Amino acid sequence: MQKRYWKHPAQQAARLLDLPETSLTDGPTLEVGANREAVLDGCRGILEYTQQEIRIAVREMTLRFTGDDLCICAMDGGSLTIRGLIRAIEFLA
Amino acid sequence: MAVLWVLRFLRGTVTFLITGTFPEKLLNRCARERIPVWDARPTGSAISAQTYVKDYRRTARLARRDSLRTRVTARHGMRFRLRPIQNRKGLLIGAVCGCALIWALTGHLWVITVSGCETIDESALLEELSARGLFCGARLRDIDTRSLAREMLLTDDRISWLTVNLRGSTAEVLLSECAPPPETIDPDDRWANVVAKEDGVIHSVLPLKGQALCRKGDTVSKGEILVSGVIEDEFGGSMLTYARASVLAGVYEEVTVTVPYRERVVTESPEPLRSRGLSCFGRVLIAADVPREALRTERTFKTILYPFLTIEEAAAYLPETKTVERTPFAAKEEAMRRLRAINAEEDTVLLGEAVTAEEGETALKLHALQYVEKDIAEIREFSVEQRQEGDSVL
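So, here's what we can say about the structure.

What counts as what
Here the residue numbering is sequential within each chain, running from 1 through the sequence in written order. Following the order in which they are written, the chains are lettered starting with A and the ligands numbered starting with 1. Per-residue local features are limited, in this predicted model, to residues with pLDDT of at least 70; the limit for side-chain atom pairs, both in listing and counting, is 80 or more; totals at the level of whole chains, interfaces and linings are taken over all residues. With hydrogens and water excluded, all non-hydrogen atoms of the structure serve as input to the side-chain values. By the convention used here, residues are in contact when the closest approach between their heavy atoms is within 4.5 Å. The term buried area means the drop in 1.4 Å probe accessible area that two parts suffer when joined, counted for both and summed. Throughout this description, the term salt bridge denotes a Lys or Arg side-chain nitrogen within 4 Å of a carboxyl oxygen of Asp or Glu. The definition of a polar contact used here is a pair of N or O atoms within 3.5 Å, where within protein one atom must be able to donate a hydrogen and the other to accept one, and adjacent residues in sequence count solely through side-chain atom pairs. The helix and strand labels rest on DSSP assignments: H or I over at least four residues marks a helix, E over at least two residues marks a strand, and numbering proceeds from the N terminus. Only Asp, Glu, Lys and Arg are considered charged, only Ala, Val, Leu, Ile, Met, Phe, Trp, Tyr, Cys and Pro nonpolar, and every remaining residue, Gly among them, polar. A pair of strands is treated as paired once DSSP finds two or more bridges between them. Every axis in this analysis is a line fitted to C-alpha atoms, fitted for helices over the stretch in contact. Angles between the N-to-C directions lie between 0 and 180 degrees. Orientation categories follow fixed angle ranges, with anything under 35 degrees roughly parallel, anything over 145 roughly antiparallel, 65 to 115 roughly perpendicular, and all other angles oblique. By the definition used in this description, the sense in which the near helix is turned from the far one sets the handedness, with an anticlockwise turn below a right angle giving left-handed and a clockwise turn giving right-handed. A residue counts toward a patch only above 30% relative accessible area and without a salt bridge, and it is joined to like-charged neighbours within 9 Å or, for Val, Leu, Ile, Met, Phe, Trp and Tyr, to nonpolar neighbours within 5 Å. Computed with the Shrake-Rupley method and a 1.4 Å probe, the accessible areas treat only the protein chains shown as cover for residues. Charge assignment in this entry is limited to Lys and Arg as positive and Asp and Glu as negative, and neither His nor the chain termini are counted. Where a charge sits is defined by one atom per residue type, namely NZ (Lys), CZ (Arg), CG (Asp) or CD (Glu). Throughout this description, the term nonpolar core refers to a set of buried Ala, Val, Leu, Ile, Met, Phe, Trp, Tyr and Cys residues connected via side-chain atoms within 4.5 Å. Note on exposure labels: buried denotes an accessible area under 20% of the residue type's maximum, exposed denotes more than 50%, and partly exposed covers the range between, all computed with a 1.4 Å probe on protein chains only.

Before going further, it helps to examine the interface of chain B and chain A. At the junction of the two partners, chain B supplies 16 residues and chain A supplies 16 residues. Summing both partners gives a buried area of about 1300 Å² for chain B against chain A, and 52% of it is carried by carbon and sulfur. Remark: the boundary between chain B and chain A carries 0 salt bridges. At the surface where chain B touches chain A, the tally comes to 6 residue pairs in polar contact (both at pLDDT 80 or more). Where the side of chain B that touches chain A is concerned, the elements lending two or more residues are helix 2 (24–32) and strand 2 (37–43) of chain B. Among the elements that make up the side of chain B that touches chain A, the one with the highest residue count is strand 2 of chain B (6 residues). Here the residues of the side of chain B that touches chain A are counted per class, giving 10 nonpolar, 1 polar and 5 charged. As judged from the 3 bridges shared by strand 5 (residues 61–76) of chain A and strand 2 of chain B, these two strands associate in the antiparallel manner. Each residue of the ladder has a partner; that of A:Met75, found in strand 2 of chain B, is B:Val37.

Set out below in structure tokens:
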């Protein structure tokens, strides 16, 4: 039996309209500027914060940034800016 | 980013350290409560972050709720910079007074510059403008530049165009003078002959209008008609005109120059006397070394110190009186120099001369009989009635 990936109607609508999925859902968006800056929208909280690792709770998953000299430069509502030398970004279910 | 820095500087910020178990909790709470927090950096087990001074109390309250502790480590912003001088009332009052003075002065006119004056006297123009409300110290909002320019154009016929530009506390008056109408040299309602103003021998005749009655080599006497204003044609008819001509003739002239052996001469000082004066609203307050009148000369340079205070630097060439002693030879040289100056002044060409010097007791007299070439043409108008009555105009 074929597995269904698009459970949310908004996701299906976005696919049909050829739009980004996050434009119709309130899912997190991540904008990465090279390996120096990342702007995350839709943050639900910081789970762990060190200079080498930052874990952030987003909807239905956890985002893990690993690198060196990581810093949360700005934090406002659900938006968050991380700067430093980002080595990896992992999406943990 | 610079705007953000300025805003933070004006509002005042604090850097604080969050200690306790799981300090990230406070950052999450701040995010939920919409408290702006930035530059969050982990330092060991604690986290250092920044927020506005106004929001720090709320942050500290949230921290206590989560069993965390906050401690201010640094303060930034204007209010913290000004704290050391808060008790110095004089400085504060001075700053406020200075600002108030600047605010008051910027509403007034302090400098007026005029450009475009060629024949019009600049000081007279400034007086006229002053009478119409444009003067140093006038309130800027009272100056109506358009009506001022219009009034000046209507009242002063010498000005063809004028505008007043206000730039801050400076008024720039730009004007263009009217070109004078050309002189009417050939009137239709008058007639004239060209006559000799001195006795002489004609060297050349160049009639511009009229009929020449003399030619090269002729000897003419004073008052004789050289070019007639009555032009006769071959049929016996005549036409009246305003005769004009250039007639060069050789003329004998006698010139006497007297040079005393001892003379008082008034000259300008070779080195200017320099000085500075402080002027306020156009009035000289302090002037050292140089008379006050000397500060109002063309050789004055102004340095604007403040809108109403100017430093005027004057270079005055004051008159010097000295007595000159001359030997007869030096007196003769001086007499010759003066004779040449007279010739140059009269615009004549010297063709020959016989000079005799007479040495007196107190002065030397130089007699010169000169043969010079000069224009002897003189326009003399005549009326038609004069001709009809039989008077000779030819």
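The next thing to look at is the packing of helix 6 (residues 122–131) of chain B against helix 7 (residues 145–155) of chain B. Residue and element names in this part refer to chain B. It is the contact of helix 6 with helix 7, at a shortest axis distance of 11 Å, that shows an interaxial angle of 125 degrees. The pairing of helix 6 with helix 7 is recorded here as oblique in orientation. Seen along the crossing, helix 6 lies across helix 7 with a hand that is right-handed. Taken together, the residues of helix 7 that come into contact with helix 6 (itself represented by Leu-125, Glu-128 and Leu-129) are Leu-148, Met-152 and Thr-155. Class assignment of the residues belonging to the contact of helix 6 with helix 7 gives a composition of 4 nonpolar, 1 polar and 1 charged.

Time to look at a positive patch on the surface. Residues and elements named next belong to chain B. On the surface, Arg-11, Lys-54, Arg-57, Arg-58, Arg-61, Arg-64 and Arg-65 cluster together into a patch of positive charge. Top contributing element to the positive patch by residue count: helix 3 (residues 53–65), with 6 residues. Note that Arg-57 resides in helix 3.

A few words now on the nonpolar core. Ranked by internal contacts, the top residues of the largest apolar core, which has 35 residues, are A:Tyr49, A:Ile56, A:Phe65, A:Ile72 and B:Leu27. Among the elements that make up this core, the one with the highest residue count is strand 5 of chain A (7 residues). Apart from the residues lying within four places of it in its own chain, the contact partners of A:Tyr49 are A:Ile54, A:Leu70, A:Cys71, A:Ile72, B:Glu24, B:Leu27, B:Ala40, B:Arg41, B:Pro42 and B:Ile47.

Attention now moves to the side chain of B:Glu253. Residues and elements named next belong to chain B. When you line up the elements, Glu-253 lands in strand 15 (residues 244–260). Residue Glu-253 is classed as buried on the basis of its relative accessible area, which comes to 12%. Here the side chain of Glu-253 touches Lys-374 through a polar contact of 2.8 Å, side chain to side chain. In this structure Glu-253 touches Glu-198, Glu-346, Ala-368, Leu-369, Gln-370, Val-372 and Lys-374, once residues within four positions along its chain are discounted.

Turning our attention to the sheet that holds strand 6 (residues 159–167) of chain B. Residues and elements named next belong to chain B. Sheet architecture is open: 3 strands sit in the order 5-7-6, paired in mixed fashion. Among the strands making up the open sheet, the edge pair consists of strand 5 (111–115) and strand 6. The average angle at which neighbouring strand axes cross in this sheet is 15 degrees, direction not considered. The strands that helix 6 touches are strand 5, strand 6 and strand 7 (170–177); relative to strand 5, the one it contacts most, it runs at about 130 degrees.

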